[in-house]
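Listed below, chain by chain, are the residues.
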Amino acid sequence: MEKRVYFDNAATTPTHPQVVEAMLPYFTQSFGNPSSIYEVGQINKRAIDNARQQVADLINAKPEELFFTSGATEADNWAVKGIAESYKNKGNHIITSNIEHHAILHTCEYLEKNGFEVTYLPVDENGLIKIDDLKDAIKDTTILITIMFANNEIGTIQPIKEIGKVAKEKGIIFHTDAVQAVGQVPIDVEDMNIDMLSLTGHKFNGPKGTGALYVRKGIKLKAFIHGGAQERRRRGGTENVPCIVGLGKAAELAKVNLKVKISKLIKLRDKLIKGIKEEIPYCRLNGDAVKRLPNNVNFSFEFIEGESLLIMLDMKGISASSGSACTSGSLDPSHVLLGIGLPHEIAHGSLRLTLGNDNTEEDVDYLLEVLPDIVKRLRDMSPLYEDFIKNK
Ligand SMILES: *Cc1c(COP(=O)(O)O)cnc(C)c1O
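Residues numbered from 1 in each chain as written. Predicted model: local features only at pLDDT ≥ 70, side-chain atom pairs only at ≥ 80, totals over all residues. Heavy atoms only, no water.

This is how it is decided: UniProt positions are given in the numbering used here, feature names are shortened, and annotations may be inferred rather than shown by experiment.
The protein appears in an unreviewed UniProt entry as Cysteine desulfurase IscS from Vallitalea longa. If you open the UniProt record of the protein and go to Catalytic activity (unreviewed entry), you find "(sulfur carrier)-H + L-cysteine = (sulfur carrier)-SH + L-alanine".

## Comments concerning a nonpolar patch on the surface
Note the following rule: Patch definition: residues above 30% relative accessible area lacking any salt bridge, with like charges linked at up to 9 Å and the nonpolar side chains Val, Leu, Ile, Met, Phe, Trp and Tyr linked at up to 5 Å. Residue exposure ignores everything except the shown protein chains as possible cover, and the areas themselves are Shrake-Rupley values with a 1.4 Å probe. Think of a salt bridge as a Lys or Arg side-chain nitrogen and an Asp or Glu carboxyl oxygen that are within 4 Å of each other. Runs of H or I in DSSP of at least four residues are treated as helices and runs of E of at least two as strands, each being numbered from the N terminus.
A contiguous nonpolar patch, built from Ile 37, Tyr 38, Val 40 and Ile 43 and spanning about 410 Å² of accessible area, is present on the exposed surface. Of note, Tyr 38 is situated in the loop between α2 (25–28) and α3 (39–59).

## Some words on the site of the ligand
What counts here: The rule for a residue being near a molecule or strand is that one of its heavy atoms must lie within 4 Å of it. Polar contacts here mean pairs of N or O atoms no more than 3.5 Å apart (in protein, one a potential hydrogen donor and the other a potential acceptor; neighbouring residues in sequence count only if both atoms are side-chain atoms). Nonpolar residues are Ala, Val, Leu, Ile, Met, Phe, Trp, Tyr, Cys and Pro. Charged residues are Asp, Glu, Lys and Arg, and all others, Gly as well, are polar.
Inspection of the region around the ligand gives 13 residues, with Thr 73, Asp 177, Gln 180, Thr 200 and Lys 203 positioned closest. Contact distances for the ligand include 2.9 Å between an oxygen atom and a backbone N or O atom of Ala 72. One nitrogen or oxygen atom from the side chain of Thr 73 is found 2.5 Å from an oxygen atom belonging to the ligand. A breakdown of the residues in the shell around the ligand according to their chemical character gives three nonpolar, seven polar and three charged.

## Some thoughts on the packing of aromatic side chains
Note the cut-off: Centre distance within 6.5 Å is the pairing criterion for rings of Phe, Tyr and Trp, where only the six-membered ring of Trp is used; planes under 30 degrees apart are then read as stacked, over 60 as edge-to-face, and the remainder as tilted. Note on exposure labels: buried denotes an accessible area under 20% of the residue type's maximum, exposed denotes more than 50%, and partly exposed covers the range between, all computed with a 1.4 Å probe on protein chains only.
Applying the stated criterion to the full structure yields eight aromatic pairs. Taken together, a centroid distance of 6.0 Å and an interplanar angle of 15° make the contact between Phe 299 and Phe 301 stacked. By the burial criterion, Phe 299 is buried, and Phe 301 matches it. Ring centres of Phe 303 and Phe 388 lie 4.7 Å apart, and the angle between their planes is 40°; on these two criteria the pair is classed as tilted.

## A short note on the sheet that holds strand β4 (residues 117–121)
Just so we agree on the cut-off: For two strands to count as paired, DSSP must find a minimum of two bridges between them. Each axis is a line fitted through C-alpha atoms, and for a helix only the stretch in contact is used; angles between axes span 0 to 180 degrees, taken between their N-to-C directions. Residues count as neighbours in contact if any of their non-hydrogen atoms are within 4.5 Å of one another.
What the seven strands build is an open sheet, ordered β2-β8-β7-β6-β5-β3-β4; its pairing is mixed. The open sheet has two edge strands, β2 (66–69) and β4, and neither has a second partner. In this sheet, adjacent strand axes meet at a mean angle of 20° when their direction is disregarded. Inspection of the sheet shows strand β6 (residues 173–177) paired to strand β7 (residues 196–200) by three bridges, in the parallel sense. Opposite His 175, over in β7, you have Met 196 as the bridge partner. Contacting β5 (142–146) and β6, helix α7 (residues 160–170) runs over the sheet at an angle of about 155° to β6.

## Side note on the domain arrangement of the protein
Quite often, the size of an interface is put as the accessible area lost when its parts meet. Our working rule: Note that domain bounds follow an automatic or database assignment of domains. Note on terms: buried area is the combined drop in 1.4 Å-probe accessible area of two parts once they are placed together, counting the loss on both.
Splitting the protein by domain gives domain 1 (5–12 + 258–391) and domain 2 (17–254). Contacts between the two partners involve 28 residues from domain 1, matched on the other side by 30 residues from domain 2. Taken together, both faces of the contact between domain 1 and domain 2 bury some 2400 Å²; the carbon and sulfur share is 50%. It is Leu 258, Leu 293 and His 335 that lose the most area in domain 1 upon contact with domain 2, and together they represent 26% of the buried surface on that side. Across the domain 1-domain 2 interface, the total number found is zero salt bridges. Inspection of the domain 1/domain 2 interface yields 15 residue pairs in polar contact (both at pLDDT 80 or more). At the level of elements, α9 (241–279), β10 (296–301) and α11 (335–339) are the ones that each hand at least two residues to the side of domain 1 that touches domain 2. Classifying every residue of the side of domain 1 that touches domain 2 by side-chain character gives 10 nonpolar, 12 polar and six charged.

## A look at the UniProt feature "binding site: pyridoxal 5'-phosphate" (unreviewed entry) in the protein
What UniProt calls "binding site: pyridoxal 5'-phosphate" (unreviewed entry) maps, in this numbering, to Ala 72, Thr 73, Asn 152, Gln 180, Thr 200, Gly 201, His 202 and Thr 238. These annotated residues cover 167 residues of sequence, and their C-alpha atoms reach 30.8 Å apart at the extreme, placing them across more than a single site. With respect to the helices and strands, Thr 73 occurs in helix α4 (residues 72–86). Among the residues examined, Thr 73 registers a relative accessible area of 48% and is labelled partly exposed. In this structure, Gly 201 sits in the loop between β7 and β8 (211–215). Dropping the residues within four chain positions of it, Gly 201 is found in contact with Gly 206, Pro 207, Thr 210, Gly 211 and Leu 247.

## Things to note about the sheet that holds strand β12 (residues 321–322)
Ordered by their spatial adjacency, four strands build an open sheet running β9-β10-β13-β12, and the pairing between neighbours is antiparallel. Because the sheet does not close on itself, it has two edges, and the strands there are β9 (283–285) and β12.

Structure follows, in structure tokens:
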């Protein structure tokens, strides 16, 4: 087999073998319905309780503050629509940022069509919101602030603790989409004054299709899926026991390995950043250089197309991602890259490399060996680059 290097861990991660091992008995041996009164059902109820504790421990929450969902898209939808519905008598205003994941942005747009008012805070050239902008945006009618912990494209980490402090002082609920931060950086919902938080298993070596919404005790939140009494009557439907067990195991492993993982990934990340800057002219690091996820590298290369770059990297066995959404049928570059002020043509030439547990220094060396040559070949084919060199 040719060499394969996976640099797209922000899109999804492989399920950890110990997670798979923990899940397996719940398909065939311990398959009972957790709502059943007999022993095989009750064993599974305890397995769910255990997983809830494991996830709670990862973010310093209490188990009864966690609700399992089908992933972060559902958790984000539930958080935003649920608060809108539960607190509409208090007000109709929501504050978010313009670089959120679509699970938040499209939910906010939906609410705007239904009588809610949304403020989309701008970000600076590194992707950070300004605390003063947040303070200025708050009104008497503001019921929710929802700002992502860390951005999935450029890796910028927001000033979460400061946002939490502002929200607390004003008595406004603060939700954060922490998908990219969970298992990557320490999170403490108490210390950071986070009232609600979305997470998903498959971004930190857990199974796909399983996530959770943390809801601080005392917050009113309407049921999202009406049905049985599961998840304390907030989310009906027979629990996905194997995946919930897997999510719990992934959370436990993430907590145990966090420190080692952070230092390992920062080393690889910084080697990639340094190598790319040194080897490739006319490039720009996107996202904050310091307030940055340990696993994120995002560059724009002038005079090339991100899509062609991805195809050529794939031919060399490297899986990566770009900042343009062409694959999803749209020619617009990502709203995140436009949000940090990149012109269209530069946003189009973007490359995101996101590291994971399995990446090694050899992977980084291999990337640094092939990337400069690919960029050069693409530029040599570009009429824009030709003009640029002529006029230099
Ligand atoms: C992946 C991702 C989501 C969606 O998570 P799913 O579990 O795949 O629905 C939401 N927000 C962010 C920031 C993400 O990176």
